[in-house]
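Structure at a glance
Single-letter residue listing:
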Amino acid sequence: MKRVQYEHSIVPYLFIAPQIIIIAVFFIWPAGQAMHQSFLLEDAFGLSSQFVWFRNYEDMVWSEPWLQSAIFTVMFSALVTFLSLALALLLAVRANEVLRGARSYKTMLMWAYAVAPPVAGLMGNLMFNPLIGDLYKGLNWAGWDFNHNIDAFDATFVIVLISVWKQVSVNFIFFLSGLQAIPNSVMEAATLDCRSAEKRFWTITFPLLAPTTFFLLVINITYAFFETFGIIDTTTQGAPGGATNTLVYKVYADGFLGADLGGSSAQSVILMIMVLTLTVFQFRFIERRVHY
Amino acid sequence: MATLSLSDVNKRYDNGAHAVRGVDMEIADGEFIVFVGPSGCGKSTLLRMVAGLEAITEGEIAIDGRRINDVSPSECDVAMVFQNYALYPHMTVYRNMAYGLSNRKVPKTEIESIVRQAAATLRIEEFLDRKPHQLSGGQRQRVAMGRAIVRNPKVFLFDEPLSNLDAKLRVQMRIEIKRLQRSIGVTSIYVTHDQIEAMTLADRLAVISDGRIEQMGTPIELYETPATTFVASFIGSPAMNFLPARVADDGGSITLDEGPVLPIPAGALAAHAGRALTLGVRPEHLGEEGDDDPVASLEVELIEQLGADTLIYGRLAEGGEDLTVRLQGVRTLSPGDTLPIRAPWRHLHLFDAESGARISLG
Ligand SMILES: Nc1ncnc2c1ncn2[C@@H]1O[C@H](COP(=O)(O)OP(=O)(O)OP(=O)(O)O)[C@@H](O)[C@H]1O
Ligand SMILES: [Mg+2]
């Protein structure tokens, strides 16, 4: 049997070279550095370092702050992901009922998407400012003894609120396009088959949105893990007492502010492994079930 | 089993489109009604109003005497087969068919037997575990029908269910739909713009134009006595020939504009002397060889051999009007030949030149 042979040429490699170089310079090389760093212990002045095997990892995993941060990150991510997905879905379903085809509303509804996380954080900061923040005053006026600078729950409330607000619009747009991609006639057939609108939603609409939901789940978990950095950095900065430290923020805080490069690198390596595991899990076990 | 009645039904969409204008209709139990008409005439809108999918702006629709204007679609007990099938893509064929029943709290074992029986009737048993995307168009079409029949509805609605199928499958499914409807005897409304489908399926046919019923009757009634030029041109293929004409002042003949004079039976048009007409003759009646004398001759321009029939396109030697003639069997003619034309009185249709309404000769 004769197989088609293409002439070996260097051209295709040239085409992908820019991408490869970018990945190598900005991802693989730093990742390698981080991994290398994570096995080193530096002296207090950063003049010499010593190879210490897994000591950084041991120190980290058994340290109270890291565990606390890990638990906080998981809960924070779950909360942000769930709330922003649920809220967006609710809005999208409502919007879909009234705007079959009307595009101008859509743009209005998604403007928050264009706001960068640090900007969202700054806006939030302003609203929760004890002196001039309307929300701060409002909550206190309503009888909630609110102070996110000293109360861990209140601080969490602030960053969850801002993170969700920022993310809802993205999710909304995806859900809305997902809903509009469902053929009208399928929904009509369902109307003839099933009387309860709620049941129709759970048996027809929601399953048909599953691919969108899965995609958004991945995006949102990533967002909650990594991109909320900007929001935290501009609002609580991990305060009070590290109660709002996500793992990513802690890497930054320990490495850049605390100058513990080895420990911070070890944390980022662990984070990398966690994300990798999560991604593999999502694609292996969930994705297979959502595509029809 | 149900009767259906529409009285003075109107539909105005929010954008102002007046899609259905004052439709009245009585449909008997078990009748197969077909709506035909050109694209955009309001067929689907009317059907969807019966299904409860579209609000009724004015008028009333009743099933078995019960007004359904404000009844939710799932309660008026109609089933619909959609043009694009509208199967639930995430469910297996079995679940697609069972969905409506389980929502009506039919016991599981009963659902199982109903679905299996319907699947057997439609010959889709082997696909019950497949998802819709693993089926061919014809198979999906059957599933869509299965989903409709398991519910044992009072009324079946079809909106161009065969238009996505190839010609051969279409003929086959058409026959199956007819057989199925006969065997279960459900009152049905079928929308199409394919006039062969319309003629073959219908007990009665409603020709719709611009939101109004132009004429309603059996296929043969519509073929033989079309009420307007619109119906006449819509029913029958190839379409009827229309020629501008005038009744002679003495009422004794019909003169085609700058053309031949057609003799007519004495006194037949006495009351219409001098009236301007549109004369209609079907292609299949122009070449009939019989005792009538030829009244004109056709200059042949184009010939289509269909095997059983031959279609001849040409123009009248006298006057130059375009005409289509249909002759039975294979004919050896070539462009440039002339063909004698006969126009027997019994096959002439006379319409008012202005309104297009049929002139009935009592
Ligand atoms: N949702 C709608 N909003 C506004 N106008 C509509 C809507 N649906 C249909 N129309 C208008 O109503 C008229 C009738 O439409 P309908 O779909 O009933 O036509 P139809 O006879 O089924 O045509 P076709 O053979 O192309 O399916 C058309 O002029 C159409 O533009
Ligand atoms: Mg239509």
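Now for a description of the structure that goes with this document. Given the structure is predicted, the values throughout are model-derived calculations rather than measurements.

Topic: empty space enclosed by the protein
Over the atoms, a rolling probe the size of a water molecule traces out where space has been left empty. Scanning the model with the defined rule gives two cavities of 30 Å³ or more in all. Reported here for the largest cavity is a volume of approximately 90 Å³. Together, 13 residues line the largest cavity, and B:Leu243, B:Leu256, B:Leu286, B:Ile341 and B:Ala343 are the ones closest to its centre. When the residues that make up the lining of the largest cavity are grouped by side-chain class, the tally is 13 nonpolar, no polar and no charged. Counted as a void, the second largest cavity has a volume near 70 Å³. Lining the second largest cavity we find A:Ala189, A:Leu192, A:Asp193, B:Ala79, B:Met80, B:Ala144, B:Arg147, B:Ala148 and B:Arg151. The residue makeup of the lining of the second largest cavity, split by class, is six nonpolar, no polar and three charged.

Topic: the pattern of salt bridges
Enumeration over the complete set of coordinates arrives at 21 salt bridges over all chains. Linking A:Glu97 and A:Arg94 is a salt bridge whose minimum nitrogen-to-oxygen distance equals 3.2 Å. Residue A:Glu97 and its partner A:Arg94 are both found in helix H3 (residues 64-98); the two are separated by three residues, about one turn of the helix. Pair check on accessibility: A:Glu97 and A:Arg94 agree, each one exposed. The residue B:Arg326 makes a salt bridge to B:Asp309 at a minimum N-O spacing of 2.7 Å. In this pair, B:Arg326 is assigned in strand S17 (residues 322-328) and B:Asp309 in strand S16 (residues 309-316), connecting sequence segments 17 residues apart. In this structure B:Arg326 comes out as partly exposed when scored by relative accessible area, which is 23%. Residue class for B:Asp309 comes out buried when judged on its relative accessible area of 14%. One salt-bridge network, in which partners are shared between bridges, spans A:Glu188, B:Arg48 and B:Glu54.

Comments concerning a nonpolar patch on the surface
A surface patch of nonpolar side chains, amounting to about 780 Å² of accessible area, comprises A:Ile10, A:Val11, A:Tyr13, A:Leu14, A:Phe15, A:Ile16 and A:Ile20. The residue A:Ile10 is located in the segment before helix H1 (11-37) in this model.

Remarks on the packing of H3(A) against helix H7 (residues 152-181) of chain A
All names here are of chain A. The interhelical angle for the contact between H3 and H7, taken along N-to-C directions, is 40°, at an axis separation of 6 Å. With respect to H7, the axis of H3 lies oblique. For the pair H3 and H7, the crossing hand works out as right-handed. Grouping the amino acids of the contact of H3 with H7 by side-chain chemistry returns 21 nonpolar, seven polar and no charged.

Section: helix H4 (residues 137-150) of chain B
Here H4(B) is 14 residues long and its end C-alpha atoms lie 20 Å apart, about the 20 Å a rise of 1.5 Å per residue gives. Judged by how many residues are buried, H4(B) sits mostly within the fold: twelve of 14 residues are covered. What H4(B) keeps buried is the set B:Gly138, B:Gln139, B:Gln141, B:Arg142, B:Val143, B:Ala144, B:Met145, B:Gly146, B:Arg147, B:Ala148, B:Ile149 and B:Val150. Of the surrounding elements, those touching the buried residues of H4(B) are helix H8 (184-193) of chain A together with strand S6 (78-81), helix H2 (93-103), helix H3 (108-122), strand S7 (155-159) and helix H5 (167-184) of chain B. Positive backbone phi, approximately 50°, marks B:Asn152, located one or two places after H4(B).

What counts and what doesn't
Residues numbered from 1 in each chain as written. Chains lettered and ligands numbered in written order. Predicted model: local features only at pLDDT ≥ 70, side-chain atom pairs only at ≥ 80, totals over all residues. Heavy atoms only, no water. 1 Å grid on protein atoms, 1.4 Å probe; cavity = no way out; pocket = protein on both sides within 12 Å on 5 of 7 lines; lining within 4 Å. Points joined across faces, edges and corners; volume = space filled by probe spheres on them. Nonpolar A, V, L, I, M, F, W, Y, C, P; charged D, E, K, R; others polar. Salt bridge = Lys/Arg side-chain N within 4 Å of Asp/Glu carboxyl O. Helix = DSSP H or I, 4+ residues; strand = E, 2+ residues; numbered from the N terminus. Buried < 20%, exposed > 50% of the residue type's maximum accessible area, 1.4 Å probe, protein only. Patch = residues over 30% accessible without salt bridge, like charges linked within 9 Å, V, L, I, M, F, W, Y side chains within 5 Å. Areas by Shrake-Rupley, 256 points an atom, 1.4 Å probe, with all protein chains shown as cover. Axes fitted to C-alpha atoms, helices over the stretch in contact; angles between N-to-C directions. Parallel < 35°, antiparallel > 145°, perpendicular 65-115°, else oblique. Left-handed = near helix turned anticlockwise from the far one by under 90°. Expected span 1.5 Å × (residues − 1). Contact = heavy atoms within 4.5 Å.

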